[in-house]
Amino acid sequence: MMMMPINPEVNTMEDMWELKLYVAGNTPKSATALENLKKYCEEHLFGKYRIEIIDLLVNPQLAEGDQIFAIPTLVKKVPEPIRRIIGDLSDKEKVLVGLNIIPVK
Amino acid sequence: MAETQKNKSNRSGLPYLHKSNSGISGLDEITGGGLPTGRPTLLCGEAGSGKTLMSVEFIVRGALEYNEPGVFMAFEEKAEELAMNVASLGFDLQKLQQDKKIRVDHVHIERSEIEETGEYDLDGLFIRLGHAIDSIGAKRVVLDTIENLFSGLSNQNILRAELRRLFHWLKSKGVTAIITAERGEGKLTRQGLEEYVSDCVILLDHRIVNQISTRRLRIVKYRGSVHGTNEYPFLIDEEGISVLPVTSLLLEKEVSMERVSSGIKSLDKMLGGEGFYKGSSILVSGTAGTGKTSIASYFANEACKRKERCIYFAFEESPNQIIRNMKSINIDLKKHVDDGFLLFNASRPTLYGLEMHLVSIYKMIRKFKPSVVILDPITNLITVGSVSEVKAMLIRLIDFLQDEQITVMFTALTLNTVVNEQTDEGVSSLVDSWLYVRDIELDGERNRGMYIMKSRGMNHSNQIREFIITDEGIDLMDLYLGPDGVLTGSARESQQLREKTGEALKNQAANRMDREISRKRKVLEAKISSLTTEFESIEEELNKVYLEETLKKQISDNNKEQILNLRTGQSKKKNDDDAN
């Protein structure tokens, strides 16, 4: 589990994007996913996001709670609604739409 | 896995297939010991065919009866919904989960919540399942219904590859798994899962014929094992699933020499004096209103009197109706019901299909353990099946009952009065004894006649008996053979009366002759005595003459001597002497 740096200027919870990335070990797909995620967040959510990486090989019991069946899976719980994005996040537009960062075109 | 059964083909010492008992009644018989241990089994069928229920029962029975914990991964229902749905079968999933016997994991896949972006795999599912298996040491796994993945995810290529990997992974885990799948058009499953799971495939079917539904199960394939290939009907009721295996077709039954009374003494007499063989099958057939139910009730009554149990399957009348009607012929069935010896089971034949009837009959017999079973009447079953189907069902029933040494009596209504033409649903060749009750019409009366068409293995009467039902009960009379042929009913009675009158007259005549003779004897005797008297009087007369003659002679002799003496002078002296 590791925390990403938080921008001290944005501190209220409402504005925070809590993202969880579920991976299983250090696979190329997971690495790609994380890389892509970081890039999008820096571009669009700078300073108001938090990424939590959960390795299911270490904590398999967490898979059930968040309804994880595919790897890698990105879960956005806050802000509502809950969204799950699976895959290596290589499709930028889909990811941004999925996270409700940009509206559907 | 202590509970796995060894396959019988272990003679050569080659590796053999282990099997795990499913615990589902009847399924283990068909599969020869259960599902392949450590391999996945595909269970496919249409919606509502009982896939989920069967797989839940597999898990629960495994946990309760074979000490094999199980994981149920539900892709359709939530854990709570599932628990509620199977609670009606008496399965307490919550408690089993608390006891760490089973684990239910609901995989929620909602397409609207999921976005697919690029490459992914199903490692999450593997990890989840692996964790569930390891946490309770599961030996059994159910994936119900994994095809839901296809509706939630769009990348078919990934899914297919991952499913193939999943089934391999399950095998390597050594768990006995059931994977359920929806039936597809022209295929066993909609997504062609049979390509991946090929060790054992079971197909469930839910067919409706003539508006009556029957559930059936078929083992499509079972690699490395012999298995029943037929379609087997199964029943879902409050005790779960029971599959009905077609009983063995071998004719190797135990037979009994013991006899059981029919309850009608005169009928027993016709059957070699002792009644039917125990464990035999008896058919009572006849036209409407000939007293078939009465005969059956007598038989049931007799069994209960012997303190044996009896189940009466009524397909026409309600139990109360039968009890009331039989009271009129002096049989109190209510008492036996109260004492727990008699069990009525009344159901309309159309309630469910033939196979279902058979399954429910099996179940009741297994539970109640009767020694006598009555089916009244089998003719009505025709309404839910063809003649050949009914026959097939009855063959199986008779087979089963013979195995259990249960005596069974069927009644059958015959519509055709020509005996040789009708075959009573073709069961007449199956049964051991066949009683035939028929109408005999004579002189504007309808009477009943009964005879024994056949009774295997015993000396039986070849006579037709008149069958009489009175307030006192049933009785069989010798059929009256008068000078004008066979007589029944009042014709028989009047003939009997006539003969009685004739007899009285004859007796009267004989008496008169007797009296005449005795009178004649008296006259004769009187004559004899008068002749004797006559003879006696003649004899006396003769005697008198003799005496007189002798007396006369004596006197004359005396006189002569006196005269002589007088002449010789001595007469005086003599006279003196006489005077002295």
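What counts, and where the lines are drawn
- Residues numbered from 1 in each chain as written.
- Chains lettered and ligands numbered in written order.
- Predicted model: local features only at pLDDT ≥ 70, side-chain atom pairs only at ≥ 80, totals over all residues.
- Heavy atoms only, no water.
- Helix = DSSP H or I, 4+ residues; strand = E, 2+ residues; numbered from the N terminus.
- Contact = heavy atoms within 4.5 Å.
- Areas by Shrake-Rupley, 256 points an atom, 1.4 Å probe, with all protein chains shown as cover.
- Buried area = accessible area lost by both parts, 1.4 Å probe.
- Salt bridge = Lys/Arg side-chain N within 4 Å of Asp/Glu carboxyl O.
- Expected span 1.5 Å × (residues − 1).
- Buried < 20%, exposed > 50% of the residue type's maximum accessible area, 1.4 Å probe, protein only.
- Disulfide = S-S within 2.5 Å.
- Pairing = 2+ DSSP bridges.
- Axes fitted to C-alpha atoms, helices over the stretch in contact; angles between N-to-C directions.
- Core = buried A, V, L, I, M, F, W, Y, C linked by side-chain atoms within 4.5 Å.
- Domains from an automatic or database assignment.
- Phe/Tyr/Trp six-rings, centres within 6.5 Å; stacked < 30°, edge-to-face > 60°.
- Lys NZ or Arg CZ within 6 Å of the ring centre and 35° of its normal.
- Patch = residues over 30% accessible without salt bridge, like charges linked within 9 Å, V, L, I, M, F, W, Y side chains within 5 Å.
- Lys, Arg positive; Asp, Glu negative; His and termini not counted.
- Charge placed at Lys NZ, Arg CZ, Asp CG, Glu CD.
- Parallel < 35°, antiparallel > 145°, perpendicular 65-115°, else oblique.
- Left-handed = near helix turned anticlockwise from the far one by under 90°.
- Nonpolar A, V, L, I, M, F, W, Y, C, P; charged D, E, K, R; others polar.

Trainee: Where do I start with the overall build of chain A in this structure?
Mentor: Scanning chain A from terminus to terminus reveals three helices and four strands. Overall, chain A shows an N-to-C arrangement of helices and strands of β-α-β-α-β-β-α. A sequence separation of at least 24 residues applies to 68% of the contacts in chain A between residues at least 6 apart. Of the roughly 5,300 Å² of accessible surface on chain A, a fraction of 56% belongs to carbon and sulfur atoms.

Trainee: Would you mind going over the interface of chain A and chain B with me for this structure?
Mentor: Many authors give the size of an interface as the accessible area that is lost as the parts come together. The interface is formed by 27 residues belonging to chain A together with 26 residues belonging to chain B. Counting the surface lost from both chain A and chain B, the interface buries some 2,300 Å², and carbon and sulfur atoms represent 54% of this. When the buried area of chain A at its contact with chain B is split by residue, A:Glu64, A:Phe69 and A:Ile86 rank highest and sum to 31% of it. In this assembly, chain A and chain B are joined by four salt bridges. Among the salt bridges present, the one from B:Asp121 reaches A:Lys29, with a minimum N-O distance of 3.1 Å.

Trainee: Sorry, what's going on with helix H9 (residues 292-305) of chain B here?
Mentor: Each full turn of the α-helix corresponds to 3.6 residues, which orients residues three or four apart in the same direction. Residue and element names in this part refer to chain B. Under the 1.5 Å per step criterion, the end-to-end length of H9 is 20 Å for 14 residues, consistent within 8% with the ideal 20 Å. Burial within H9 is extensive, with 13 of its 14 residues counted as buried. Once H9 ends, the next one or two residues include Lys307, with phi positive near 65°.

Trainee: Explain the state of the cysteines here, please?
Mentor: Note on terminology: disulfide describes a covalent bond linking the sulfur atoms of two cysteines. For the structure on display, the rule yields zero disulfides over all chains. No disulfide involves B:Cys310; its nearest neighbouring cysteine sulfur is the one of B:Cys304, lying 5.2 Å away.

Trainee: Please clarify how the sheet that holds strand S18 (residues 372-376) of chain B should be interpreted in this entry.
Mentor: Hydrogen bonds between backbone atoms are what pair the strands of a sheet, whose relative direction is either parallel or antiparallel. Residues and elements named next belong to chain B. Within the open sheet, the nine strands sit side by side as S17-S16-S18-S19-S15-S20-S21-S22-S23. Their pairing is mixed. Of all the strands in the sheet, the pair left with one neighbour each is strand S17 (342-346) and strand S23 (473-478). Taking the axes of each pair of neighbouring strands and ignoring which way they run, one obtains an average angle of 25° across the sheet. Pairing geometry for strand S20 (residues 433-442) and strand S21 (residues 445-455), over 10 bridges, is antiparallel. Paired with Arg438 across the strands is Gly449, a residue of S21. Along the sheet face, helix H12 (residues 354-368) touches strand S16 (310-314), S17 and S18 and points at about 160° away from the line of S16. Seen against the sheet, helix H13 (residues 387-403) touches strand S15 (281-286), S18 and strand S19 (407-413) and runs at an angle of roughly 155° to S19.

Trainee: Teacher, can you tell me more about the nonpolar core here?
Mentor: Generally speaking, a soluble globular protein has its nonpolar side chains buried in company with each other. One finds A:Phe69, B:Leu129, B:Leu143, B:Leu149 and B:Leu170 to be the most contacted residues of the largest nonpolar core, which totals 43 residues. Among the elements of the structure, strand S3 (40-45), strand S4 (70-74), helix H5 (123-136), strand S7 (140-144), helix H6 (148-152), helix H7 (156-173), strand S8 (176-182) and strand S9 (200-209) of chain B are those that each provide at least two residues to this core. The leading source of residues in this core is H7(B), at seven residues. Those residues in contact with B:Leu129, other than ones at most four positions away along the chain, are B:Val71, B:Met73, B:Val141, B:Leu143, B:Leu166, B:Trp169 and B:Leu170. Core analysis: the next-biggest nonpolar cluster, separate from the first, contains 39 residues, B:Leu271, B:Phe276, B:Phe341 and B:Ile474 among them.

Trainee: What is the right way to look at the sheet that holds S8(B) in this model?
Mentor: Residue and element names in this part refer to chain B. Pairing is mixed in the open sheet, where nine strands are placed in the order S5-S4-S7-S8-S3-S9-S10-S11-S12. Strands with a single pairing partner mark the edges of an open sheet, and in this sheet they are strand S5 (102-106) and strand S12 (240-243). On average, each strand axis in the sheet is tilted by 20° relative to the strand beside it, whichever way the strands run. As paired strands, S7 and S8 are joined by four bridges and run parallel to one another. Among the inter-strand pairings, Arg140 is bridged to a residue of S8, identified as Thr176.

Trainee: Mind showing me how you'd approach the environment of B:Val359 here?
Mentor: All names here are of chain B. As for its position among the elements, Val359 is in helix H12. Overall, Val359 belongs to the buried group, its relative accessible area being 2%. Between the C-alpha atom of Val359 and that of Gly449, which follows or precedes it by 90 residues, the distance is 36 Å.

Trainee: Just checking my understanding: could you explain the domain arrangement of chain B for this structure?
Mentor: Domain boundaries in chain B define domain 1 (19-243), domain 2 (259-478) and domain 3 (493-570). Here the C-alpha centre of domain 3 of chain B lies 82 Å away from the C-alpha centre of domain 2 of chain B.

Trainee: Would you mind showing me how to read the packing of aromatic side chains here?
Mentor: Going through the model one piece at a time under the given rule, you end up with five aromatic pairs over all chains. The ring of B:Tyr277 has B:Arg259 lying over it, and the distance from NZ or CZ to the ring centre is 4.6 Å.

Trainee: How should I be thinking about a negative patch on the surface in this particular structure?
Mentor: Where like charges cluster on the molecular surface, the negative patch consists of B:Glu536, B:Glu539, B:Glu540, B:Glu541, B:Glu548 and B:Glu549. Residue position: B:Glu539 is located in helix H14 (residues 489-568).

Trainee: Would you take a moment to explain the environment of B:Phe410 for this structure?
Mentor: Residue and element names in this part refer to chain B. Among the secondary structure elements, Phe410 is positioned in strand S19. For Phe410, a relative accessible area of 0% translates into the label buried. With residues up to four places along the chain from it excluded, the contact list for Phe410 reads Ser281, Ile282, Leu283, Val284, Leu375, Ile378, Leu394, Leu397, Ile398 and Val431.

Trainee: Would you explain the pattern of salt bridges in this entry?
Mentor: Oppositely charged side chains are able to pair whenever their charged atoms sit close together. Using the criterion set out here, one finds 28 salt bridges over all chains in the structure. A salt bridge links B:Arg140 to B:Glu68; the nearest nitrogen and oxygen atoms lie 2.7 Å apart. One end of the pair, B:Arg140, is in strand S7; the other, B:Glu68, is in the loop between helix H2 (51-65) and S4, with 72 residues separating them in the sequence. By the burial criterion, B:Arg140 is buried, and B:Glu68 matches it. Within this structure, A:Lys20, A:Asp66 and A:Lys77 form a network of salt bridges that share partners.

Trainee: Would you take a moment to explain the packing of H5(B) against H7(B) for this structure?
Mentor: To characterise two packed helices, one gives the angle between the axes of the helices and the distance between these axes. Residues and elements named next belong to chain B. Relative to each other, H5 and H7 sit at 20°, their axes nearing to 11 Å. The orientation of H5 relative to H7 falls into the category roughly parallel. Pair H5 / H7 crosses with right-handed handedness. From H5, Asp123, Phe126, Leu129, Gly130, Ile133 and Asp134 reach across to H7, where they touch Glu162, Arg165, Leu166, Trp169, Leu170 and Lys173. Taken together, the residues of the contact of H5 with H7 sort by class into six nonpolar, one polar and five charged.

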